[in-house]
Amino acid sequence: MKLIALAAVSALLLAGCAASTPAANHRIAIVASTDVYGSIASAVGGSAVTVTSIMNDPAQDPHSFEANARVQLELSKADLVIENGAGYDDFVDTMLSGLDGAKRTVLNVATISGKTITPDFNEHLWYDFPTIENLVAELVTALSKASPADASTFEVNAEDFVERLNGLERREATIQQTYGGSPVAITEPVPAYLLVASGLKIITPKEFSKAIEDSTDVSPAVLKETLTQFTDRKVKALVYNDQTAGPQTTAVLKAADESGIPVVPVTETLPQGLDYLGWMTLNLRAIERALK
């Protein structure tokens, strides 16, 4: 999915964790394309950073996000920028290219992941814990370079974060041990990394999830095949993107409900009041409950 860039008018989506502060305060100004990465940057940077998250509204569909001049202003003040990459938030590079030549570090999570970017690449990398661990390491390096006096603090914060992240990976392994091979359905590939790492088998037709992700029509034959997986009870759970709605996803949710298939909503931005680790903990708990 490619997010729409450069619109003259849109809701002011900035804030994430805090607004950028002047350089005189000696805090590293970080701008993240989503509050997911903003949360991670805050955890590692602590009081030495200020973080602005561009997309931070759990009620908004990120597919329809429109960046505006206010976003470009925030990017212009950044010392460090975190973008997802792989076509997810192209507006970041577009806007950065229009700024002055001031030096700022840009962390591209798709590049950091080390994964091969293909035409059908799943760009929802925050659901892939090894990628997040790589991002944390890159954050420590970038932040330590920007503020050497705080390097030891960044390292301690990162160690604590990774320890808790590893706990989530152990929970994935537990799900795999107990429910490995269980068939599940999705509306979009948003949670795919998490589901696969938990040993679950996604059997939704790729033509369906791709069409939903790209906001294109699903053919009647593919929709019928998808709905049959629920009426014939071929899946143990439906894990769907709660921020994208349409006639086809509504039909899938209805079919799951009528067939008694547990439904697990997931999102692309943080739910209100949760940080990254708390959010992922709840996602794994919900998946585990649905499979019982």
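Preceding block: the structure.
Because the structure is predicted, anything quoted here is derived from the model rather than measured. (Residues numbered from 1 in each chain as written. Predicted model: local features only at pLDDT ≥ 70, side-chain atom pairs only at ≥ 80, totals over all residues. Heavy atoms only, no water.)

Trainee: Describe in detail the overall build of the protein chain, supporting the description with residues and values.
Mentor: The helix and strand inventory of the protein chain stands at eleven helices and eight strands. Here the protein chain has a C-alpha radius of gyration of 20 Å; the compact-globule value for 292 residues is 19 Å, and the two agree. Considering only C-alpha atoms, the protein chain reaches an extent of 65 × 45 × 35 Å along its principal axes. Expressed as a percentage of its 292 residues, the buried residues of the protein chain come to 53%. Residue pairs at least 24 apart in sequence account for 71% of intrachain contacts in the protein chain once pairs closer than 6 positions are excluded. Of the accessible surface of the protein chain, which amounts to about 13000 Å², a share of 52% is contributed by carbon and sulfur atoms. Of the charged side chains in the protein chain, 22 are positive and 36 negative; the average position of the first set lies 5 Å away from that of the second. (Helix = DSSP H or I, 4+ residues; strand = E, 2+ residues; numbered from the N terminus. Rg over C-alpha atoms; globule rule 2.2 N^0.38 Å. Buried < 20%, exposed > 50% of the residue type's maximum accessible area, 1.4 Å probe, protein only. Contact = heavy atoms within 4.5 Å. Areas by Shrake-Rupley, 256 points an atom, 1.4 Å probe, with all protein chains shown as cover. Lys, Arg positive; Asp, Glu negative; His and termini not counted. Charge placed at Lys NZ, Arg CZ, Asp CG, Glu CD.)

Trainee: Let's hear about the sheet that holds strand E3 (residues 80–83): which residues, and what values?
Mentor: On the basis of which strands lie adjacent, the open sheet formed by four strands has the order E2-E1-E3-E4 and parallel pairing. The sheet terminates laterally at strand E2 (49–55) and strand E4 (105–108), the two strands that pair on one side only. Within this sheet the neighbouring strands show an average axis-to-axis angle of 15°, counted without direction. Here strand E1 (residues 28–34) pairs with E2 via six bridges, running parallel. Among the inter-strand pairings, Ala29 is bridged to a residue of E2, identified as Thr50. (Pairing = 2+ DSSP bridges. Axes fitted to C-alpha atoms, helices over the stretch in contact; angles between N-to-C directions.)

Trainee: Requested: an account of the environment of Ser144, with residues and values cited.
Mentor: Locating Ser144 in the fold gives a position in helix H5 (residues 129–146). Given a relative accessible area of 15%, Ser144 falls into the buried group. Placed ten residues apart in sequence, Ser144 and Phe154 show a C-alpha to C-alpha distance of 7.1 Å. Residues contacting Ser144, with those up to four places away along its chain left out, are Ala151 and Phe154. A polar atom in the side chain of Ser144 sits 2.7 Å from the backbone oxygen of Val140. (Polar contact = N/O pair within 3.5 Å; in protein donor to acceptor, adjacent residues only side chain to side chain.)

Trainee: For the packing of helix H6 (residues 151–179) against helix H11 (residues 276–291), give the residues involved together with the corresponding values.
Mentor: Remark: H6 packs on H11, axes separated minimally by 11 Å, with the N-to-C direction vectors making an angle of 10°. Relative to H11, the element H6 is oriented roughly parallel. Across the interface between the two elements, Phe161, Arg164, Leu165, Leu168, Arg171, Glu172, Thr174, Ile175 and Tyr179 of H6 pack against Tyr276, Leu277, Met280, Thr281, Leu284, Arg285, Glu288 and Leu291 of H11. Split into classes, the residues belonging to the contact of H6 with H11 amount to ten nonpolar, two polar and five charged. (Parallel < 35°, antiparallel > 145°, perpendicular 65-115°, else oblique. Nonpolar A, V, L, I, M, F, W, Y, C, P; charged D, E, K, R; others polar.)

Trainee: Give me the lowdown on the sheet that holds strand E7 (residues 237–241), citing residues and values where you can.
Mentor: As summarised here, the arrangement of the four strands in space is E6-E5-E7-E8, forming an open sheet in which the pairing is parallel. With one partner strand each, in any of the chains shown, strand E6 (201–202) and strand E8 (263–266) form the two edges of the open sheet. Sitting on the sheet, helix H10 (residues 247–258) touches E7 and E8, and the angle it makes with E7 is about 155°.

Trainee: Quick one: what's the story with the packing of H5 against H6, residue by residue and with numbers?
Mentor: Interaxial distance between H5 and H6 falls to 10 Å at its minimum, and their mutual angle equals 180°. In terms of axis orientation, H5 runs roughly antiparallel to H6. For the pair formed by H5 and H6, the contact residues are Phe129, Pro130, Ile132, Glu133, Val136, Val140, Leu143 and Ser144 on the first element and Ala151, Phe154, Glu155, Ala158, Phe161, Val162, Leu165, Asn166, Leu168, Glu169 and Glu172 on the second. Tallied by class, residues from the contact of H5 with H6 come to 13 nonpolar, two polar and four charged.

Trainee: Explain the packing of aromatic side chains to me, using residue names and the numbers behind them.
Mentor: Under the criterion given, the structure shown has six aromatic pairs. Between the aromatic rings of Phe161 and Tyr276, the centroid separation amounts to 6.2 Å while the plane-to-plane angle is 20°, which identifies the pairing as stacked. Within this pair, whereas Phe161 is found in helix H6, its partner Tyr276 is found in helix H11, the two being separated by 115 residues in sequence. Here Phe161 matches Tyr276 in class, with each residue buried. Measuring from ring centre to ring centre gives 6.3 Å for Tyr276 and Trp279, while their planes differ by 75°; the resulting arrangement is edge-to-face. Of this pair, Tyr276 and Trp279 both sit in helix H11, separated by three residues, roughly a single helical turn. Across this residue pair, the class does not change: Tyr276 and Trp279 are buried. Taken together, the ring pairs connect Tyr37, Tyr88, Trp126, Tyr127, Phe161, Tyr276 and Trp279 into an aromatic cluster. (Phe/Tyr/Trp six-rings, centres within 6.5 Å; stacked < 30°, edge-to-face > 60°.)

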